[in-house]
Amino acid sequence: MGTIKICSFLLFVVFFGGPSISTQAPQKNKQIVIAASTVLDGKGGVLHDTRIVIEDSKIVRIDPNATPVNYDLRGLTVMPGWIDSHVHITWSFGPDGKNAGAGGTTPYATYAAAANAWATLMAGFTTVQSVGSTNDLPLRDAIARGALPGPRILTSAEPLIGNGEKSGTPDEIRAFVRKQKEAGADLIKIFAAGSVRRPQMLLSQEQLNAACYEAKKLGLRTLVHAYKDAVRASVLAGCTEIEHGPLATDDDLKLMVQKGVWLDPQAGLVMENYLLNKDKFSGTPGYPEEVFPAIREMIPAYHDFFKQALKIPGLKIVFGSDALAGSHGRNAEEFIDRVRDVGMDPIAAMVSANSLAAEALGMRDKIGSIAPGLEADIIALDGDPIKDITAVRRVVFVMRGGVVYKDKGR
Ligand SMILES: [Zn+2]
């Protein structure tokens, strides 16, 4: 009896207290109706003047006559929550304001990671793929059990960092991949090349073959940080997705189409963020003072590569911002770069972070679209991103799995 009373009281607070942040478990059997004048369905289609009906964590139907309306989002652009295929969710600045990387284990670093998750969710990203730190694992699990607010997280756990022979024999690499699977990795991240300035391969064809083949055998996808020759080598090794990619040739990109390999190139945010936060990165490991002019010069090279990729018919370009310290919660700036600076079609840009990204994660039947049976991951923008891409900065409503985390209205 006591429990029932407490629950009723909580429900009273949730329904009538008017908070913008709800409890983190969807309310059982409670129907929620969202009214919308414009809905981007996540697959490139648009619905007008309709209502989305949600029960528990899922969308159960689209019904223009559903009542009563709980959230009136007419006048806004409603769409599926975005998916960012490439972030580093635990990467933060330290108490001294300097770049502290993604591997910190202090209470400060832990709270910073939780704050990154919150900022990312508030920015409209309801799922992220975090690639490169074992610290992602407890954060992923805390969010998954509803203990912390944040986007759904998929993670690679520890990445395979290419270092020539020292990366290990094929047998050792296969063992490393199995170890990540045992640690709970959702995918495997591989660094197969240096940078756009030093694009040389850091793993041999044989080593890449071992990593991607073993991952596939375990049912894990492989995301490969690659430039130039490492792109083709990764495709030939049967890896799933190429991160970054500049200096790949048209023939390499066409081979990706043939083999069904995904491309996640960047159009600016990651480099703009380094320049914006130069004082915080400068002098920290990997970021000597003299690297910053080079980063500025890299931006046109990334733009040119993105434009080159857009011209390859059938190439599947997915959204990944490479968000790290300073850019968590600003992931959507990458949409603006893609549309404004490289001429990506705004509808394609939205789809690349909805159904296409979901497909790349192997989760198309769960997230990325507004359709019955899918998770109720729903956001609303004040403005129309198809007409004005800067509307992606104005996320005023966020629901993930049927739970409303942001409802700023107008
Ligand atoms: Zn990255």
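Along every chain, residues carry numbers that run from 1 in the direction the sequence is written. Residue-level local features of this predicted model are given only where pLDDT is at least 70; pairs of side-chain atoms are given and counted only at 80 or more, and the full residue set underlies all totals for whole chains, interfaces and linings. Hydrogens are left out, water is left out, and the side-chain values use all remaining heavy atoms of the structure.

### Remarks on the overall build of the chain
Here is step 1 of the chain: Numbering of helices and strands starts at the N terminus; helices are DSSP runs of H or I of at least 4 residues and strands are runs of E of at least 2. Secondary structure assignment for the chain yields 13 helices and 16 strands.
Here is step 2 of the chain: Radius of gyration: over C-alpha atoms. The globule rule applied is 2.2 Å multiplied by the number of residues raised to the 0.38 power. For the chain, whose C-alpha radius of gyration is 21 Å, the value lies close to the compact-globule estimate of 22 Å for 410 residues.
Here is step 3 of the chain: If one aligns the C-alpha atoms of the chain with their principal axes, the spans along those axes are about 65 × 45 × 45 Å.
Here is step 4 of the chain: Going through the 410 residues of the chain one by one, you find that 55% of them count as buried.
Here is step 5 of the chain: Should any heavy atoms of two residues lie within 4.5 Å, those residues are considered in contact. Across the chain, the fraction of contacts at a sequence separation of at least 24, relative to all contacts at a separation of at least 6, is 68%.
Here is step 6 of the chain: Residue burial considers only the protein chains on display, and all accessible areas are found by Shrake-Rupley using a 1.4 Å probe. Accessible surface, the chain: about 17100 Å² in total, of which carbon and sulfur atoms supply 55%.
Here is step 7 of the chain: For this count, His and the chain ends are skipped, Lys and Arg are scored as positive, and Asp and Glu as negative. A charged residue contributes its charge at one atom only: NZ of Lys, CZ of Arg, CG of Asp or CD of Glu. Separation of charge centres in the chain, based on 45 positive and 45 negative side chains, amounts to 3 Å. For the exposure calls, accessible area comes from a 1.4 Å probe over protein chains only, and a residue counts as buried if that area is under 20% of its type's maximum, exposed if over 50%, partly exposed in between.

### Let's talk about the environment of Gln207
Here is step 1 of the chain: Of note, Gln207 is situated in helix α5 (residues 205-217).
Here is step 2 of the chain: On the accessibility criterion, Gln207 (7% relative accessible area) is buried.
Here is step 3 of the chain: Between the C-alpha atoms of Gln207 and Ile242, which are 35 residues apart in sequence, the distance is 16 Å.

### Observations regarding the packing of helix α6 (residues 229-236) against helix α7 (residues 250-259)
Here is step 1 of the chain: Note on geometry: axes are lines fitted to C-alpha atoms, helical ones only across the stretch in contact, with angles between N-to-C directions running from 0 to 180 degrees. Following both chains from N to C, one finds α6 and α7 inclined at 20°, their axes separated by 9 Å at the closest point. By the angle between their directions, the pair α6 and α7 is classed as roughly parallel. The crossing of α6 and α7 is left-handed. Taking contact as the criterion, the partners of Val231, Arg232, Val235 and Leu236 in α6 are, on α7, Asp251, Asp252, Leu255, Met256 and Lys259. Any angle from 65 to 115 degrees is called roughly perpendicular, while one under 35 is roughly parallel, one over 145 is roughly antiparallel, and all others are oblique. Take the far helix as the reference: if the near one is turned anticlockwise from it by less than a right angle, the crossing is left-handed, and if turned clockwise, right-handed.

### A few points about the sheet that holds strand β13 (residues 262-264)
Here is step 1 of the chain: Note on pairing: two strands pair once DSSP finds at least 2 bridges between them. Taking strand neighbours across the sheet as the criterion, the five strands line up as β9-β10-β11-β12-β13 in an open arrangement whose pairing is parallel. The outermost strands of the open sheet, each flanked by one partner alone, are β9 (160-161) and β13.
Here is step 2 of the chain: With five bridges joining them, strand β10 (residues 187-191) and strand β11 (residues 221-226) adopt parallel strand pairing. Directly across from Leu187, in β11, lies its bridge partner Arg221.

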